[in-house]
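Close look at the chain arrangement
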Amino acid sequence: MKGDERRQKIIEAMKSRPDPLSGAALARMLGVSRQVIVQDMALLRVAGVHILSTNRGYLLQQTHNPACCRIFKVRHSDDTTRDELNTIVDRGGTVVNVIVSHRVYGRIEVPLNVCSRKKVDDFMQAIRSGKSSLLKNVTSGYHYHRVEAESGEVLDQIEDELIRKNYLIEVVDKI
C-alpha cells in the first residue's frame, strides 16, 4: 500500500470513531510500524488535516461553528475541577481545551474535548491515577477553556453558572 492510500485509510478510520485511535492500533490495522503512523500524522497535518494528539491516541478535530464559542478565564481549586467541568457539560457545552499562559514557557494549550459526564469522569480518573497533575497548577490555578455549544444562549447559561459558582474570572473572547 502506498503512503497516500495509507493516509487516506487513517483519515477514514478516525472519521468512523468518536474516540481517539492509538498509533499502535492504526499500525496493526495498516500493517506498518508505529513510527510510520507518526510520520503519516505529521504529513497529514502539513496537508491541513486537523489531527489532535491525546493521551489515548489520535483524534480528528471536528469543525466548529465559531459563532458558538467562548473562551473563559477561570480559577478554582483542584477539588472543584470535576464540578467546573460538569457545570459546562451539563448545560450543553464542550470543553474543547485548556490553556495556560505561563510567564516563562508562554502559552500552553492542550486539547480536552470533554462533552459529557463520562468524559469528565475519564479525565478525572486519569488525573487521580497520578500520571500527572492539572495544568492549571503551573499558573496558580488561573487557566482558560475554549467552550463550544449549539447556541449563544447555551454559552450565556454556562457563563452565568460559572459566575454563580465563582469560577469565572472573565470572558476573554466571544467568537
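Because the structure is predicted, anything quoted here is derived from the model rather than measured.

**A few points about helix α5 (residues 117–128)**
- Taking 1.5 Å per residue, 12 residues should reach 16 Å; α5 reaches 16 Å between its end C-alpha atoms and fits that length.
- Note on α5: the residue one or two positions beyond its end, Gly130, has a positive phi of about 90°.

**Examining the pattern of salt bridges**
- Within this structure, the stated rule accounts for 14 salt bridges.
- Note that Asp40 is salt-bridged to Arg6, the shortest N-O span being 2.5 Å. Placement of the pair is Asp40 in helix α3 (residues 34–46) and Arg6 in helix α1 (residues 3–15), with a sequence separation of 34 residues. As far as burial versus exposure is concerned, Asp40 and Arg6 are alike and both buried.

**With respect to the state of the cysteines**
- Per the counting criterion, the structure on display carries 0 disulfides.
- Summary of cysteine pairing: Cys68 is not part of a disulfide, and the nearest cysteine sulfur, belonging to Cys69, is at 8.9 Å.
- Look at Cys68 and you get buried, because its relative accessible area is 7%.

**Points about the confidence of the model for the protein chain**
- For the protein chain, mean pLDDT is 89; residues scoring 70 or higher make up 95% of the total.
- Taking the mean pLDDT of every element in the protein chain, the minimum, 82, falls on strand β7 (residues 168–174) and the maximum, 97, on helix α4 (residues 81–90).

**Focus: unusual backbone geometry**
- In the Ramachandran plot, Asn113 falls in the positive-phi region, its phi being about 50° despite a non-glycine side chain.
- Following the sequence through the fold, Asn113 ends up in strand β5 (residues 106–114).
- For Asn113, a relative accessible area of 16% corresponds to the buried category.
- Notably, Ser140 is not glycine yet its phi reads approximately 55°, a positive angle.
- Within the element layout of this structure, Ser140 appears in the loop between α5 and β6 (142–148).
- Look at Ser140 and you get exposed, because its relative accessible area is 53%.

**Description of the side chain of Glu161**
- Mapped onto the elements, Glu161 comes out in helix α6 (residues 152–164).
- You can call Glu161 buried: its relative accessible area is 13%.
- Contact partners of Glu161, with chain neighbours within four places excluded, come to Thr87 and Arg91.

**Considering the side chain of Thr139**
- On the secondary structure map, Thr139 appears in the loop between α5 and β6.
- Separated by 2.4 Å, the side chain of Thr139 and the backbone oxygen of Tyr142 make a polar contact.
- Apart from residues lying up to four places away in sequence, Thr139 is in contact with Val100, Ser101 and His102.

**What to know about the environment of Arg45**
- Mapping Arg45 onto the fold places it in helix α3.
- You can call Arg45 partly exposed: its relative accessible area is 35%.
- In this structure Arg45 touches Ile51, Leu52, Ser53 and Tyr58, once residues within four positions along its chain are discounted.
- Of the polar contacts made by the side chain of Arg45, one reaches the backbone oxygen of Ile51; its length is 3.2 Å.

**Section: the pairing of strand β3 (residues 69–75)**
- For β3, the buried fraction is high: 6 of the 7 residues fall into the buried class.
- Pairing of β3 with β6, which is carried by 7 bridges, proceeds in the antiparallel orientation. Bridged to Phe72 within β6 is His145.

**A closer look at the packing of helix α2 (residues 23–30) against α3**
- Interaxial distance between α2 and α3 falls to 8 Å at its minimum, and their mutual angle equals 105°. Here α2 lies roughly perpendicular to α3, going by the angle between them. The residues of α3 that touch α2, namely those facing Gly23, Ala24, Leu26, Ala27 and Leu30, are Arg34, Ile37 and Met41.
- Taken together, the residues that form the contact of α2 with α3 break down as 6 nonpolar, 1 polar and 1 charged.

Analysis parameters
Residues numbered from 1 in each chain as written. Predicted model: local features only at pLDDT ≥ 70, side-chain atom pairs only at ≥ 80, totals over all residues. Heavy atoms only, no water. Helix = DSSP H or I, 4+ residues; strand = E, 2+ residues; numbered from the N terminus. Expected span 1.5 Å × (residues − 1). Salt bridge = Lys/Arg side-chain N within 4 Å of Asp/Glu carboxyl O. Buried < 20%, exposed > 50% of the residue type's maximum accessible area, 1.4 Å probe, protein only. Disulfide = S-S within 2.5 Å. pLDDT = per-residue confidence, 0-100. Contact = heavy atoms within 4.5 Å. Polar contact = N/O pair within 3.5 Å; in protein donor to acceptor, adjacent residues only side chain to side chain. Pairing = 2+ DSSP bridges. Axes fitted to C-alpha atoms, helices over the stretch in contact; angles between N-to-C directions. Parallel < 35°, antiparallel > 145°, perpendicular 65-115°, else oblique. Nonpolar A, V, L, I, M, F, W, Y, C, P; charged D, E, K, R; others polar.

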